[in-house]
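The residues making up each chain are set out below.
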Amino acid sequence: GITAARPPGLENDPSNVSWSYRDPKGNIQGPFTATLMQKWYDEGYFTSDLLMKRTHLDTDWTPVGELSIRAGGDKLFLSSFSESGPP
């Protein structure tokens, strides 16, 4: 059988990263695509204290405000965060 491997070169594309968040009631929501998360962020749905993580990459939850600082003004969910290492 054919295994569903990722196409070459797309592994590090931030738009392919899945994100989850913890809603105000403590429920985990997601995973959602980075593109959809960015749309919601741009529309103002996420408060700065809402906890997020990259579903398959992160073990710790990080507030949106902290992620915004790390993104350095780039599109928050479409940026490669510095702690993920060199490109």
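Residues numbered from 1 in each chain as written. Predicted model: local features only at pLDDT ≥ 70, side-chain atom pairs only at ≥ 80, totals over all residues. Heavy atoms only, no water.

Asker: How should the pattern of salt bridges be read in this particular structure?
Answerer: Charged atoms that come close allow side chains of opposite charge to pair. Following the criterion strictly, the structure yields 4 salt bridges and no others. The residue Asp58 makes a salt bridge to Arg54 at a minimum N-O spacing of 2.8 Å. Taken individually, Asp58 and Arg54 each receive the classification buried, so the pair is uniform in this respect. Between Arg70 and Glu66 there is a salt bridge, with its nearest N and O atoms 3.2 Å apart. In this pair, Arg70 and Glu66 are both assigned in helix H2 (residues 64-71), 4 residues apart and thus about one turn of the helix distant. (Salt bridge = Lys/Arg side-chain N within 4 Å of Asp/Glu carboxyl O. Buried < 20%, exposed > 50% of the residue type's maximum accessible area, 1.4 Å probe, protein only. Helix = DSSP H or I, 4+ residues; strand = E, 2+ residues; numbered from the N terminus.)

Asker: I keep staring at the confidence of the model for the protein and nothing clicks. Help me out?
Answerer: In low-pLDDT segments, the atomic positions of the prediction should not be examined closely. With 78% of its residues at a pLDDT of 70 or more, the protein shows a mean pLDDT of 83. Counting contacts from residues 83-87, a segment whose pLDDT is below 50, to residues more than four positions away or on other chains yields 3 contacts. (pLDDT = per-residue confidence, 0-100. Contact = heavy atoms within 4.5 Å.)

Asker: Would you mind going over the environment of Leu50 with me for this structure?
Answerer: Residue placement: Leu50 occurs in the loop between helix H1 (34-42) and strand E3 (51-54). By relative accessible area, which is 10% here, Leu50 ends up buried. Spatially, the C-alpha atom of Leu50 lies 5.2 Å from that of Pro63, the residues being 13 residues apart in sequence. Beyond its immediate stretch of four places on either side in the chain, Leu50 contacts Tyr21, Arg22, Asp23, Pro24, Thr62, Pro63 and Val64.

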